Each structure stands twice: as C-alpha cells, then as structure tokens.
Amino acid sequence: MFKFDFTSSTEGADHADNSENEKKAEADRMIAKIEERSITSAQSCKLLNVSAATSDKVKFCVHEHVDLHSSSIDGLHYILPHHTALSEKNTDLIPGVYEGGLKVWECSLDLCRFLAHVMDGTISTEADFRHVTEAVRRSIENGGSAFELGCGHGLPACLLLRESVRRHTNSVVVFSDFNDFVLRDVTIPNALLNVCGLYQQQVNDSVDDSASQALQNQSIYAGGDWMGLSHKLSNNEVLLPVPLTENRVVDDRFDVLLASETTYTTESCQDTAYLMLKHLKVDIGVGLVATKRFYFGVGGGADAFAQAADKVSESIQSHGLRLVVKTIQSYDTGNANIRDLLEVRLVKK
C-alpha cells in the first residue's frame, strides 16, 4: 500500500544524532568499567624479579625449535614446561584462572615469522607495510620499546628482545601475562634461552650471567590482570630493575604492541583494543594482532576486534584519537580456521 512519508529531514537528523550519542555513551560506559578494573587490579599486578626467576630454569631443560623461515634471522627456542601449577591439567584455558600461557599458539608463530621477515627485509617497504616496518625497526633501536599483551611463551617479544641485544641497543621489552607462574616457568626462561645464544662464544660459566644481565637491563615481566599493568604504566610506576640511564621509568606508549590470540571473546577484544588506544605511540606506533578470524561460540576474532577498536574510538576517553585496523596478512591452510594478522595504528581524528 502506498504511504506518504511526512518525516522531516530535521527529524531524521535528530534520530541520527541520538543514535550517535547513544553509541558514544555506550563506549564511555565500557571504558569506565575497564578503567575501574584497572585501578582495582593494579595492587595485584606483580613485577617479577628476573635474576631470581632465571636461576637454573634453562639448565638441562628440554626445548623445541621454531624455524622462522628467514635467511638471516635465527630461529627461536622455547622450553617444554614441567612442574608448573597446571602441568597435569588437560586444558587450554580456564577463564579467570589460567589463560592458556603454557601452550605455544599457532598465531604466535605467525607473528614471529612476520616480524622476522620485516627485520630481514623480506616484507616489502611499499606503502602497505611502511608503518609496521618503521615501527619494528624503531622498537629494537636505542630508545625503542615493545609490549606483548597476554604473552604466554612470549616468543614474538623474545625475538625483538634478542635482536635488540644483538645490536647492543637499549630498547625495552615488556612481557605481560595473567599468570605469574607462566612468566616464571616459561616466559623468562624462553627469553634467557634465546638471548643466551648470543653469548655462546664466551666461557660457559659466564653465558647465563651475561644473558641474565641483558634481561634485567632491557625487559620487564608483569603478572596479573593486564589492566593493572596499564594503570601502573600510566602512572609512571613501572621501573627497569637496573638503570641504563638516570631515567628508569618505562614510558607508557610503545613503538610496537604485540598480541597473539588475545581476541578470543568479545570482552578480550575490547580489552586488547583499549590497551592499543592507551599505549600505542600516536601516529608512529603499530599494534600487531595475530588472531583467528573466528572463535566459534565465544564471539571473538578479527571482525570482533575491529568492531571493538571502532567502539573504544567513540569514547570521550579517546581524547581525539582513533584506532585504524587493517588486515595485512592472512593464513588459510584450507583445512582449519583462517588466521589473520592485523595492523593497528593510533591516529588523530
């Protein structure tokens, strides 16, 4: 049946404005909830003592090798953990208790190989990769910085740390995982194991000492809710345990933020997006999010993360900044979930 439409353009504009205002209000509520959590969880955020955690952790350990498919960047090693709090558990994840850090996830390996290809020049320097190439290069130079969210084994961050130590620069790498036992039993030993390889020409007794000193000088290991660490970073409460300069405070904005498999639920997508908004350097920093395209039944994945990035950018807490997300690599074996590598930038609106 034909109907006349007497809706005025003004009413249509008002409806659009109301819808836009509601989106912003919803984003503000989400950010407020996250920031309240960051304050309450800051007290339980634990910075691990590297020297204590590294003692005897890599001696006689069983470890695996990761081929980075690079002609000039050495492969990585990771230990097979034993005697951890969950070594007898047949599970990948227990929400709020154990967040999967003892397993090497395939998206983490995608990210390691991508970083290796950036550093060895295999990845093109054309416009599509210019921002990420420059950010990764800066992250391993003097004054550079990188931060891996929900790191688990921490292999992507281990790669950047090792390449910085190889270049004798003073960049800083922050490792963050929900479970401090994962950092103690897996992450720090992995970092030590990979940095140790740079000192093999020394007398054997001094290899561990040199590598351990490099870790103390250039890396931070934070256990607990990553929002607690975010709060500490924003309030200049994260310090390098051994000063390289008079300023020991770790800056709260980074050249590179790394995230592998941190987008497995809607909530974790929102957390990851918020941390990108809060801790990427404006215009020049790059986030690299390695994710499955879909996490069936739990609402996460590449699209869910892109939506979360748009949502946090709507908030008044974005302070005139927004996240820009694009897919820069996809991995499709034809018989498994497609995996995507996302580039995230923080730019002015």
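A. Examining the overall build of the protein more closely. A tally of helices and strands in the protein yields 10 helices and 12 strands. The buried share of the protein, taken over its 349 residues, is 52%. For the protein, long-range pairs separated by at least 24 residues make up 73% of all intrachain contacts whose partners lie at least 6 apart in sequence. Per element, the accessible surface of the protein, about 16700 Å² overall, is 49% carbon and sulfur.

B. Inspection of the pattern of salt bridges at higher detail. In the structure shown here, the tally under the stated rule is 20 salt bridges. E163 is paired through a salt bridge with R167; the nearest N and O atoms lie 3.1 Å apart. Residues K292 and E261 are paired through a salt bridge, measuring 2.8 Å at the closest nitrogen-oxygen approach. Here K292 is found in strand β8 (residues 286-292), whereas its partner E261 is found in the loop between β7 (256-260) and α9 (266-279), with 31 residues between them in sequence. For E261, a relative accessible area of 8% translates into the label buried. The structure contains a network of salt bridges with shared partners spanning D74, R162, E163, R166 and R167.

C. Broad picture of the packing of helix α8 (residues 226-234) against α9. Contact geometry of α8 with α9 gives a least axis separation of 11 Å together with a crossing angle of 10°. Here α8 is positioned roughly parallel relative to α9, judged by the angle of their axes. Counted together, W226, M227, S230, L233 and S234 of α8 and D271, T272, Y274, L275, K278 and H279 of α9 form the full contact between these two elements. Tallied by class, the residues present in the contact of α8 with α9 amount to 5 nonpolar, 4 polar and 2 charged.

D. Just the environment of L239, in detail. Tracing the chain through its elements places L239 in the loop between α8 and β7. With near-sequence residues (within four places) excluded, L239 lies in contact with I220, R248, V249 and V250.

E. Helix α6 (residues 180-196), seen in detail. In a regular helix each residue adds 1.5 Å, so 17 residues correspond to 24 Å; α6 covers 22 Å between its end C-alpha atoms and thus fits that length. Of all the bends in α6, the greatest, near 30°, is centred on T187, and the proline P189 appears no more than four residues after it. Along α6, 15 of the 17 residues are buried, which leaves the element largely enclosed by surrounding structure.

F. Region of the structure containing the packing of helix α3 (residues 106-119) against helix α5 (residues 155-166). Where α3 meets α5, the closest approach of the two axes is 8 Å, and the angle between their N-to-C directions is 25°. The orientation of α3 relative to α5 falls into the category roughly parallel. Of α5, the residues touching α3 (which contributes S108, L109, L111, C112, L115, A116 and M119) are L155, P156, L159, L160 and E163. Here the residues of the contact of α3 with α5 sort into 10 nonpolar, 1 polar and 1 charged.

G. Representation of the pairing of β8 in the model. Counted residue by residue, β8 has 7 buried out of 7 residues, so it is predominantly covered. With 5 bridges joining them, β7 and β8 adopt parallel strand pairing. Within the sheet, the bridge partner assigned to V256 lies in β8 and is V286. A crossover links β7 with its parallel partner β8, the connecting element being α9, and its sense is right-handed. Alignment of β8 against strand β12 (residues 339-348), held across 6 bridges, turns out to be antiparallel. The residue bridging A290 from the neighbouring strand is L341, located in β12.

H. Seen up close, the state of the cysteines. Applying the stated criterion across every chain yields a total of 0 disulfides. As a non-bridged cysteine, C112 has C158 as the owner of its nearest cysteine sulfur, 8.2 Å distant. Looking at C112, the relative accessible area reads 0%, which means it is buried.

I. View of the nonpolar core. Counting residues in hydrophobic clusters, the biggest one holds 52 residues, and the most contacted among them are F114, Y221 and L288. Looking at this core element by element, the count peaks at 9 residues for α3. M30, F147, A308 and L346 belong to the second-largest nonpolar core, a separate cluster that totals 39 residues.

J. View of the packing of aromatic side chains. A full pass over the atoms with the stated rule returns 4 aromatic pairs. Pairing F294 with F296 gives two aromatic rings, centres 5.9 Å apart and planes at 35°, and the pair type is tilted. Under the relative-accessibility criterion, F294 is labelled partly exposed at 39%. The exposed category is assigned to F296, whose relative accessible area is 69%.

Procedures and definitions
- Residues numbered from 1 in each chain as written.
- Predicted model: local features only at pLDDT ≥ 70, side-chain atom pairs only at ≥ 80, totals over all residues.
- Heavy atoms only, no water.
- Helix = DSSP H or I, 4+ residues; strand = E, 2+ residues; numbered from the N terminus.
- Buried < 20%, exposed > 50% of the residue type's maximum accessible area, 1.4 Å probe, protein only.
- Contact = heavy atoms within 4.5 Å.
- Areas by Shrake-Rupley, 256 points an atom, 1.4 Å probe, with all protein chains shown as cover.
- Salt bridge = Lys/Arg side-chain N within 4 Å of Asp/Glu carboxyl O.
- Axes fitted to C-alpha atoms, helices over the stretch in contact; angles between N-to-C directions.
- Parallel < 35°, antiparallel > 145°, perpendicular 65-115°, else oblique.
- Nonpolar A, V, L, I, M, F, W, Y, C, P; charged D, E, K, R; others polar.
- Expected span 1.5 Å × (residues − 1).
- Bend = angle between axes of the 7 residues up to and from the residue.
- Pairing = 2+ DSSP bridges.
- Right-handed = clockwise from strand over helix to strand, strands pointing away.
- Disulfide = S-S within 2.5 Å.
- Core = buried A, V, L, I, M, F, W, Y, C linked by side-chain atoms within 4.5 Å.
- Phe/Tyr/Trp six-rings, centres within 6.5 Å; stacked < 30°, edge-to-face > 60°.

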